[in-house]
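Here are the chains, one letter per residue:
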Amino acid sequence: MIWYPKKDLEGETSPVKSQNWFIRGMLGNVLNPKMGVFYVSFLPQFIPQGHSPILWTFSLVTIHILLGTLWSLSLIYATHSLSYILRRENVIKWMNRATGGLFLLFAFKLVMSSRR
């Protein structure tokens, strides 16, 4: 990635319009067992004692979904105007080189770490 970075996105320049990416992303989250583990292990601590756990759980899950959706939409909106810059050949090469350098730093840190 550092010496021979990719120069283009190799066919990824035009987005596929025939698929509903929102549904695919939603199904990916719903069918992900880590999301269930998160809800079962994290949310119960925020349910007041003596109140309906079902009602509070669904309320907290709804808040989590709304916040996640708002974050994703704002991220999409903010980066949509930058997509033409991110698709430039020089930017792609720079990002690949930076990613390769980061991988080397992680590898160096792993080599230098000691097990205790």
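A quick note: this is a predicted structure, and the numbers were derived from the prediction, not measured.

### Re the overall build of the protein
Across its full length, the protein holds 5 helices and 0 strands. In the protein, the order of α-helices and β-strands from amino to carboxyl end is α-α-α-α-α. Residue burial in the protein is summarised as follows: out of 116 residues, 9% are buried. In the protein, the share of contacts with a sequence separation of at least 24, taken over all contacts with a separation of at least 6, comes to 66%.

### Things to note about the UniProt feature "transmembrane region" (unreviewed entry) in the protein
Mapped onto the present numbering, the UniProt feature "transmembrane region" (unreviewed entry) falls on residues 21-42 and 54-73. Between the C-alpha atoms that bound residues 21-42 the distance is 28 Å, and the span itself is 91% helix and 0% strand. Secondary structure across residues 54-73 comprises 100% helix and 0% strand; the distance between its end C-alpha atoms is 28 Å.

### Quick look at the packing of helix α2 (residues 33-42) against helix α3 (residues 53-80)
Packing of α2 against α3 leaves a shortest axis separation of 11 Å and a crossing angle of 130°. Here α3 runs oblique to α2, going by the angle between their axes. Viewed along their axes, α2 and α3 form a crossing whose handedness is right-handed. Contacts between α2 and α3 involve Met35, Phe38 and Tyr39 from the first element and Val61, His64 and Ile65 from the second. Broken down by class, the residue content of the contact of α2 with α3 amounts to 5 nonpolar, 1 polar and no charged.

### Points about the nonpolar core
Among soluble globular proteins, nonpolar side chains are generally buried collectively. Among the nonpolar cores identified, the biggest contains 5 residues, and these are Tyr39, Leu43, Ile47, Leu60 and Val61. With sequence-adjacent residues up to four places away left out, Leu43 is seen in contact with Phe38, Leu60 and Val61.

### Comments concerning the packing of aromatic side chains
A complete count under the given rule lists 3 aromatic pairs for this structure. Ring geometry for Phe38 and Phe42: centres 5.1 Å apart, planes at 20°, overall stacked. Taken together, the residues span about one helical turn, with Phe38 and Phe42 both in helix α2 at a distance of 4 residues. A residue is classified by how much of its surface remains accessible, and Phe38, at 27% relative accessible area, is partly exposed. We classify Phe42 as partly exposed; its relative accessible area is 35%. By the ring-pair criterion, three or more aromatic residues cluster together here, those being Phe38, Tyr39, Phe42 and Phe46.

About the criteria used
Residues numbered from 1 in each chain as written. Predicted model: local features only at pLDDT ≥ 70, side-chain atom pairs only at ≥ 80, totals over all residues. Heavy atoms only, no water. Helix = DSSP H or I, 4+ residues; strand = E, 2+ residues; numbered from the N terminus. Buried < 20%, exposed > 50% of the residue type's maximum accessible area, 1.4 Å probe, protein only. Contact = heavy atoms within 4.5 Å. UniProt positions renumbered as here; feature names shortened; annotations may be inferred. Axes fitted to C-alpha atoms, helices over the stretch in contact; angles between N-to-C directions. Parallel < 35°, antiparallel > 145°, perpendicular 65-115°, else oblique. Left-handed = near helix turned anticlockwise from the far one by under 90°. Nonpolar A, V, L, I, M, F, W, Y, C, P; charged D, E, K, R; others polar. Core = buried A, V, L, I, M, F, W, Y, C linked by side-chain atoms within 4.5 Å. Phe/Tyr/Trp six-rings, centres within 6.5 Å; stacked < 30°, edge-to-face > 60°.

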